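Okay, here's what each chain looks like letter by letter:
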Amino acid sequence: MDQQVSGIIVLFGASGDLAQRKLYPSLFHLYQQGWLSQRFALIGTSRRPWTDEHYHEIIVESIINYTKDESLRAVAGEFAQHFYYISNDASQTEDYILLKDKMLDLQKQYQTDKNFLYYLSIAPSLFEITSHHLKKTGIIDIPGNHRVILEKPFGVDLASAQSLNQALNISFAESDIYRIDHYVGKESVLNIWATRQYNPFFEAIWNHNYIDHFQVTLSEDLPVGSRGGYYDQTGALLDMFQNHILQVISFVGMDLPNSQDDLHPKKEAFLREIPSFDLESVQTNIVRGQYGQAKDGSEPAYRDLEGVSEDSSTETFVAGKFRINNDRWQGTPFYFRTGKALSSGKYTTVEAVLKDNLSTCDSPNRMTFVITPEYGLEVSMNQKAFKGGFKPQTMRMLPDKEILESRVASESYEILIYYAFLGNQMLFTTWEELKEQWRIADSIKDAWLQLDPPAFPNYPAMTKGPEAAKDLIESDGRRWINPQY
Ligand code: BG6
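Throughout what follows, the structure given in this document is the object of discussion. (Residues numbered from 1 in each chain as written. Predicted model: local features only at pLDDT ≥ 70, side-chain atom pairs only at ≥ 80, totals over all residues. Heavy atoms only, no water.)

## Points about the sheet that holds strand S13 (residues 366-372)
And then number 1: The strand order across the open sheet built from eight strands is S8-S10-S11-S7-S12-S13-S14-S15, with neighbouring strands paired in mixed fashion. The strands lining the two open edges of the sheet, one partner per strand, are strand S8 (286-289) and strand S15 (392-397). The average undirected angle you get between the axes of adjacent strands in this sheet is 15°.
And then number 2: One ladder, built from six bridges, connects strand S12 (residues 347-354) with S13; its direction is antiparallel. Within the sheet, the bridge partner assigned to Ala352 lies in S13 and is Met367.
And then number 3: Where helix H10 (residues 235-253) meets the sheet, its contacts fall on strand S7 (211-219), strand S10 (317-324), strand S11 (332-339), S12 and S13, and the angle it forms with S11 comes to roughly 145°.
And then number 4: Against the sheet, helix H16 (residues 467-474) contacts S7, S8, S10 and S11, and its axis sits at roughly 15° relative to S10. (Pairing = 2+ DSSP bridges. Helix = DSSP H or I, 4+ residues; strand = E, 2+ residues; numbered from the N terminus. Axes fitted to C-alpha atoms, helices over the stretch in contact; angles between N-to-C directions. Contact = heavy atoms within 4.5 Å.)

## Quick notes on the sheet that holds strand S5 (residues 145-150)
And then number 1: The sheet built from six strands is open, its strands ordered S3-S2-S1-S4-S5-S6 with parallel pairing. The open sheet has two free edges, formed respectively by strand S3 (83-87) and strand S6 (177-179), since each of these has just one partner strand. Adjacent strand axes in the sheet meet at a mean angle of 20° when their direction is disregarded.
And then number 2: Pairing between S5 and S6: three bridges, direction parallel.

## Focus: the site of the ligand
And then number 1: Close contacts around the ligand come from Lys152, His182, Tyr183, Lys186, Glu220, Arg227, Asp239, Met240, His244, Lys340 and Lys346, and that covers them all.
And then number 2: Glu220 places a side-chain nitrogen or oxygen 2.7 Å from an oxygen atom of the ligand.
And then number 3: When the residues that make up the shell around the ligand are grouped by side-chain class, the tally is two nonpolar, two polar and seven charged. (Near = heavy atom within 4 Å. Polar contact = N/O pair within 3.5 Å; in protein donor to acceptor, adjacent residues only side chain to side chain. Nonpolar A, V, L, I, M, F, W, Y, C, P; charged D, E, K, R; others polar.)

## Things to note about helix H6 (residues 158-171)
An α-helical segment advances 3.6 residues per turn. Residues three or four places apart therefore align on the same side.
And then number 1: Taking 1.5 Å per residue, 14 residues should reach 20 Å; H6 reaches 21 Å between its end C-alpha atoms and fits that length.
And then number 2: Those residues of H6 that fall on the buried side of the exposure criterion are Ala161, Leu164, Asn165, Ala167, Leu168 and Ser171. Buried positions in H6, seen along its axis, are confined to an arc of 165° and lie on one side of it. Opposite its buried face, H6 presents the exposed residues Ala159, Gln166 and Ile170, each directed more than 90 degrees away.
And then number 3: Structurally, H6 contributes buried residues whose contacts are with helix H5 (127-136), S5, S6 and helix H15 (431-450). (Expected span 1.5 Å × (residues − 1). Buried < 20%, exposed > 50% of the residue type's maximum accessible area, 1.4 Å probe, protein only. Arc of directions from axis to C-beta.)

## Quick look at the pairing of S13
Regular strands place their side chains on alternate faces of the sheet.
And then number 1: Buried residues dominate S13, accounting for seven of its seven residues.
And then number 2: Here S13 hands over to strand S14 (residues 376-384) after three residues, the two strands then running antiparallel side by side.

## Quick word on the side chain of Thr45
And then number 1: In this structure, Thr45 sits in strand S2 (residues 36-46).
And then number 2: Once residues within four sequence positions are removed from consideration, Thr45 is found in contact with Val10, Leu11, Phe12, Gly13, Ala14, Tyr85, Ile86 and Asn88.

## What to know about the environment of Thr217
And then number 1: Of note, Thr217 is situated in strand S7.
And then number 2: Leaving out residues up to four positions away in the same chain, Thr217 has contacts with Arg337, Tyr347, Thr348, Thr349 and Asn482.

## A closer look at the packing of helix H1 (residues 17-32) against helix H3 (residues 73-80)
And then number 1: Packing of H1 against H3 leaves a shortest axis separation of 11 Å and a crossing angle of 100°. As the angle between them shows, H1 and H3 are arranged roughly perpendicular. Seen from H1, the contacting residues are Tyr24, Leu27, Phe28 and Tyr31; seen from H3, they are Val75, Ala76 and Phe79.
And then number 2: Within the contact of H1 with H3, the residues separate by chemical class into seven nonpolar, no polar and no charged. (Parallel < 35°, antiparallel > 145°, perpendicular 65-115°, else oblique.)

## Some remarks on the pattern of salt bridges
And then number 1: For the structure on display, the rule yields 23 salt bridges.
And then number 2: With its nearest N and O atoms 3.7 Å apart, the salt bridge here joins Glu433 to Lys267. Residue Glu433 is located in helix H15, and its partner Lys267 is located in helix H11 (residues 263-273); the two are separated by 166 residues in the primary sequence.
And then number 3: Under the relative-accessibility criterion, Glu433 is labelled buried at 0%.
And then number 4: Where Glu268 meets Arg272, a salt bridge forms, and the shortest distance between an N and an O atom there is 3.9 Å. Taken together, the residues Glu268 and Arg272, both in helix H11 and four residues apart, mark about one turn of the helix.
And then number 5: Overall, Glu268 belongs to the buried group, its relative accessible area being 11%.
And then number 6: We classify Arg272 as partly exposed; its relative accessible area is 45%. (Salt bridge = Lys/Arg side-chain N within 4 Å of Asp/Glu carboxyl O.)

In structure tokens, the structure reads:
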């Protein structure tokens, strides 16, 4: 990140949780590093009738909360002077006319480059009307680059995503649509690709001859908590699998891109290789779960949360497997699992489990990409046991401790906003990728609709998840590596 960027950001959803937890601190960090120049301004909008002064206080508090560093208060206050607030009702044309006037004033005042970012951190039901007004009021006719950034979920299935995309295309070309999957902005996810790219020996073994299978785990101890209203309409399949898991898997399974521009074509081609599920394959290859009350009563059952229906069949856990039948993988299984309120803690990894001589080896050789906590690659290899003759013993090789301690990963939103300013879509989800992701997720959802409602709850909160997830992998003669069952 060596090029300084400037421009105007219009943030819809300025009072929201994401803005306060992630976006303001990320922008501040970009500014502090000098990557975001002095010639930038941000107009925050939401329905609330805030003043600029109140808005500045919110910005400063969100930065102090994030950094836990009181000494930054003065510089955060200076930074907040670049922020302006306008209250906006998404359906009121006159509100957008005021917005346009403000944008033109600020463009002169800050001598910004001709970059305009519209960040839609709002309910997806408002995406269409907002982009419609940006066109109708001529905002996107102001000479310059106009790009729209959208938070997930992009649709609730393929059909709704398609119609949302068509509506957006009236105002924005595909090259100006930036669909965020914050996992793709994580340095530790990008490191999967980088490690493969920078180490030719990886490519030599990155195929069915040497890799037995992959395990992708995104498990969370965090329960659904106060997000019941959103989550009950979504579930683990759409909240984590449809987007984050499939994106992570595509970095693992794709053919190596020839250049950065070739990343999307390679991910798209890989996603196309993932077969759709049918009723039978869902019954054998997908496990879903929902948590009940914790055994010690410390966590309420999912169905008892506010916003969740009392007979909800929404899954808070999903695990599954599929095989890719291309030249590279020839049937290699990809196992995945994700869930809420699990005893594992927050644990995100990709395990590449290597073929080995299991009749003599201690446990499988493997490479583990650790995504959370963010620290890169661990390698576990069978070696000669110390003073053990020629008995094999698994040795874990960890990254250098000093490097780990000095390595502070950038917040993924920081990287994503910076790339959007540059007009570089490399880290955003293309329509082609999204279409495939929906095809795969829809095929599972459609099969579930044909089945009887599941017998939920089927795991107590703060345990390892449903037993069937264990059987899913063990029936193939394999086991979940970590956290173990
Ligand atoms: C979000 C999901 O997209 O990702 C949340 O909506 C989930 O349910 C979160 O907790 C996980 O992200 P991270 O970066 O904390 O692993």
